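Next come the chains, spelled out residue by residue.
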Amino acid sequence: ICKEYGFGYVLDNISFDINNGEIISIVGENGSGKSTLLKIIAKVENPSSGIISIRKGASIGYLSQIPDTTINESVKDILYKSVKDVFEIEERLKKYEIKMCCATDKELDSIIKKYSELQEKYINLGGYELSEKIGKIVNGFRISHLMDINYNNLRKREKRIVSFASLMINNPDILLLDEPTN
């Protein structure tokens, strides 16, 4: 790939392969294009030319070197936002359970079928283990005392930890950490 800005190339004919399970470090001087390369892999930026090939279906987690200052949510909201679709499915399952209690025999077959399909999706997304997983991550990163605090009121280090914890909840296939302190 190549990446050009108005003043010239930051990345010029970069090519490499990374295999499953490998841990890679990118080392270089300031301004040599390390962050640009990670942003291109994370699809935050596009290359000027060339192709990035990533295994189909692979999820990417990217932690920028500069914490986002536009987030106006609690730490808890940030952590749960990345898996909100799982919690929405859980709420829909609860509604189907209530419907099952009051359904006629005729309606019950249809409700059970929809419930089963939704439950399978919930299981595949790890729904039954999700609350426990989030609890372990919150405790592991020692951020339980921050859960009700607005992200913008955190110190830079705390923002980085919360952002990293949020990535871990999603368990990405590819994890890009921009900066050695990450």
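See the structure printed just above.
Structural notes, computed from the coordinates. Position labels on residues start from 1 in each chain and follow its written sequence. Local features in a predicted model are, by the rule used here, given only for residues with pLDDT of at least 70; side-chain atom pairs are given and counted only at 80 or more, and totals for whole chains, interfaces and linings are based on all residues. Only hydrogens and water are set aside; all other atoms, that is, all heavy atoms of the structure, feed into the side-chain values.

Quick word on the overall build of the protein
On a plain count of helices and strands, the protein comes out with six helices and four strands. Helix and strand definitions here come from DSSP, where helices need a minimum of 4 consecutive H or I residues and strands a minimum of 2 consecutive E residues; each element is numbered from the N-terminal end. Reading the protein from its N terminus to its C terminus gives the helix and strand order β-β-α-β-α-α-α-α-α-β. With the C-alpha coordinates of the protein rotated into their principal frame, the extents come out at 70 × 40 × 30 Å. Here a residue-residue contact requires only that any non-hydrogen atoms of the pair lie within 4.5 Å. Here the contacts in the protein between residues at least 6 apart in sequence split such that 65% fall between residues at least 24 apart. Working definition of accessibility: Shrake-Rupley area with a 1.4 Å probe, residue cover restricted to the visible protein chains. In the form shown here, the protein has an accessible surface area of approximately 12,500 Å², with 49% of it arising from carbon and sulfur atoms. When charges are counted, Lys and Arg are positive and Asp and Glu negative, with His and the chain ends excluded. Note on charges: their place is set at NZ of Lys, CZ of Arg, CG of Asp or CD of Glu. With 25 positive and 26 negative side-chain charges, the protein shows a spacing of 2 Å between the two charge centroids.

Details of a nonpolar patch on the surface
Think of a patch as exposed residues, more than 30% relative accessible area, with no salt bridge, where like charges cluster within 9 Å and nonpolar side chains (Val, Leu, Ile, Met, Phe, Trp, Tyr) cluster within 5 Å. By definition here, a salt bridge exists when the distance from a side-chain nitrogen of Lys or Arg to a carboxyl oxygen of Asp or Glu is within 4 Å. A cluster of nonpolar side chains, Ile14, Phe16, Ile18, Ile24 and Ile26, forms an exposed patch at the surface whose accessible area comes to about 410 Å². Its location among the elements puts Ile26 in the loop between strand S2 (8–11) and helix H1 (34–41).

Digging into the packing of aromatic side chains
Stacked, tilted and edge-to-face pairs are distinguished by plane angle, under 30 degrees for stacked and over 60 for edge-to-face with tilted covering the rest, among Phe, Tyr and Trp rings (Trp via its six-membered ring) whose centres lie within 6.5 Å. Within the structure shown, the criterion is met by four aromatic pairs. When the centroid spacing of 6.0 Å and the interplanar angle of 25° are considered together, the rings of Tyr5 and Phe7 count as stacked. Under the scheme applied here, a residue whose accessible area is under 20% of the maximum for its type counts as buried, over 50% as exposed, and between as partly exposed, the area being computed with a 1.4 Å probe on protein chains only. Using a relative accessible area of 28% as the deciding quantity, one classes Tyr5 as partly exposed. Overall, Phe7 belongs to the exposed group, its relative accessible area being 71%.

Looking at unusual backbone geometry
One non-glycine residue, Lys43, adopts positive backbone phi at about 65°. Tracing the backbone shows Lys43 in the loop between H1 and strand S3 (60–63). For Lys43, a relative accessible area of 61% puts it in the exposed group. Backbone geometry places Asn171, a non-glycine residue, at a positive phi of 50°. Along the chain, the position of Asn171 falls in the loop between helix H6 (156–170) and strand S4 (174–177). On the basis of relative accessibility, which here comes to 53%, the residue Asn171 falls in the exposed class.

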